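# Tertiary structure, described
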Amino acid sequence: MARMVQCVKLGQEAEGLEKPPFKGPLGQRVFDGVSKQAWKMWLEHSKMLINEFRLDLMSEHGQRIWMTECEKYFFGEGAALPPDFKPEESK
């Protein structure tokens, strides 16, 4: 049986993650209150952040920015788009 959570992003009960996505208090907070669907949405959003900010997730600085944006995305005002971000136009 799937573990259900009250998802902070979707505002409804949904299937939760199978385990915390990373160590630490934020990882536990995400595990406790973020659904699989919302986590997938974050991963797509974070790809854009990594590319636009040219984040190196192997560096402490890159990880710190990624984690800060993750916390804002789920528990704060929402992660902002980079200032120079322009979505690709559909053809």
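You'll find the structure just up there.
Quick notes on the rules
- Residues numbered from 1 in each chain as written.
- Predicted model: local features only at pLDDT ≥ 70, side-chain atom pairs only at ≥ 80, totals over all residues.
- Heavy atoms only, no water.
- Helix = DSSP H or I, 4+ residues; strand = E, 2+ residues; numbered from the N terminus.
- Buried < 20%, exposed > 50% of the residue type's maximum accessible area, 1.4 Å probe, protein only.
- Contact = heavy atoms within 4.5 Å.
- Areas by Shrake-Rupley, 256 points an atom, 1.4 Å probe, with all protein chains shown as cover.
- Phe/Tyr/Trp six-rings, centres within 6.5 Å; stacked < 30°, edge-to-face > 60°.

The subject of this paragraph is the overall build of the protein chain. If you tally the helices and strands in the protein chain, you get three helices and two strands. Going from the N terminus to the C terminus, the protein chain shows its helices and strands as β-β-α-α-α. Taken across its 91 residues, the protein chain has 33% of its residues classed as buried. Relative to all contacts within the protein chain whose residues are 6 or more apart in sequence, the contacts with residues 24 or more apart total 52%. When the accessible surface of the protein chain is split by element, carbon and sulfur atoms take 52% of a total near 6500 Å².

By the secondary structure assignment, Val-8 is in the loop between strand S1 (4–6) and strand S2 (13–15). Separated by 27 residues in the primary sequence, Val-8 and Ser-35 place their C-alpha atoms 8.2 Å from one another. Setting aside anything within four residues of it in sequence, one finds Val-8 in contact with Gly-33, Val-34, Phe-74 and Phe-75.

Geometrically, a pair of aromatic rings is defined through the distance of the ring centres and the angle of the planes. Going through the model one piece at a time under the given rule, you end up with nine aromatic pairs. Both rings, one in Phe-74 and one in Phe-75, keep their centres 6.2 Å apart while their planes meet at 55 degrees; by these two values the pair is tilted. You can call Phe-74 buried: its relative accessible area is 6%. Judged by its relative accessible area of 23%, Phe-75 is partly exposed.

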